[in-house]
Amino acid sequence: MNFIFDNNTPIYLQLVKQLKIHIVSGKLKPGERLPSVRDLSLELKVNPNTLQKSLFELEEMGLIFTERTNGKFVTGDSQLIEKYRKEYAHLLCQDFVLSMQELGFSKDETIHYLENGGN
């Protein structure tokens, strides 16, 4: 996993977002075992405590779970994954529409723009 971090948002929130995207996009499969906190923090070049905080957030959302002595796994709940996938898509669409409005595009112009592949 290659994550790019910015300086404007706390790292643990960026980790939550990017891991969540990996789960809802299927890059991390339902039931897949995550690398250990130690291994994943080394791979992502983040503090293990920061990563642990992110994993706790994902566990609170139900997107991952812990099996004692076996590690952390992606949920097998496909309905929950789909719910978060649709929520994220909705946020992206809202951001896009707002950005288009800031550029002076009307709703109809935005739809036309999308339907015509940006032409």
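Residues numbered from 1 in each chain as written. Predicted model: local features only at pLDDT ≥ 70, side-chain atom pairs only at ≥ 80, totals over all residues. Heavy atoms only, no water.

*Asks:* What is the right way to look at the overall build of the protein chain in this model?
*Replies:* What the protein chain contains, in helices and strands, is five helices and two strands. For the protein chain, the succession of helices and strands along the chain, N to C, is α-α-α-β-β-α-α. A compact globule built from 119 residues would reach a C-alpha radius of gyration of about 14 Å, whereas the protein chain, at 17 Å, exceeds it by more than 25%. In terms of overall dimensions, the protein chain has C-alpha extents of about 55 × 35 × 20 Å along its principal axes. (Helix = DSSP H or I, 4+ residues; strand = E, 2+ residues; numbered from the N terminus. Rg over C-alpha atoms; globule rule 2.2 N^0.38 Å.)

*Asks:* Explain the packing of helix 1 (residues 11–24) against helix 4 (residues 78–102) to me, please; I cannot follow it from the model alone.
*Replies:* Any two packed helices are characterised by how steeply their axes cross, that is the angle between the axes, and by the distance between the axes. Taken N-terminus to C-terminus, the directions of helix 1 and helix 4 make an angle of 120°; their axes are 9 Å apart at the nearest point. Considering their axes alone, helix 1 and helix 4 lie oblique with respect to each other. Between helix 1 and helix 4 lies a crossing of left-handed hand. In contact with Lys17, Lys20, Ile21, Ile23 and Val24 of helix 1, helix 4 contributes Ile81, Tyr84, Arg85 and Tyr88. Taken together, the residues of the contact of helix 1 with helix 4 break down into six nonpolar, no polar and three charged. (Axes fitted to C-alpha atoms, helices over the stretch in contact; angles between N-to-C directions. Parallel < 35°, antiparallel > 145°, perpendicular 65-115°, else oblique. Left-handed = near helix turned anticlockwise from the far one by under 90°. Contact = heavy atoms within 4.5 Å. Nonpolar A, V, L, I, M, F, W, Y, C, P; charged D, E, K, R; others polar.)

*Asks:* Just to check I follow, could you spell out the pattern of salt bridges for this structure?
*Replies:* As a working rule, side chains carrying opposite charge can pair if their charged atoms are close by. Taken as a whole, this structure holds four salt bridges when the rule is applied. For Asp39, the salt bridge is made with Arg38, and the minimal N-O distance between the two is 3.6 Å. Among the residues examined, Asp39 registers a relative accessible area of 40% and is labelled partly exposed. (Salt bridge = Lys/Arg side-chain N within 4 Å of Asp/Glu carboxyl O. Buried < 20%, exposed > 50% of the residue type's maximum accessible area, 1.4 Å probe, protein only.)

*Asks:* Would you take a moment to explain the packing of helix 2 (residues 37–44) against helix 3 (residues 48–61) for this structure?
*Replies:* Interaxial distance between helix 2 and helix 3 falls to 9 Å at its minimum, and their mutual angle equals 110°. Judged on the interaxial angle alone, helix 3 and helix 2 are roughly perpendicular. Regarding helix 2 and helix 3, the two cross each other, and that crossing is right-handed. Contacts between helix 2 and helix 3 involve Val37, Leu40 and Ser41 from the first element and Pro48, Leu51, Gln52 and Leu55 from the second. A per-class count over the contact of helix 2 with helix 3 returns five nonpolar, two polar and no charged.

*Asks:* Explain the side chain of Thr75 to me, please; I cannot follow it from the model alone.
*Replies:* By the element assignment, Thr75 lies in the loop between strand 2 (71–74) and helix 4. Among residues more than four places away in sequence, those in contact with Thr75 are Pro30, Gly31, Gly62, Leu63, Ile64, Phe65 and Ile81.

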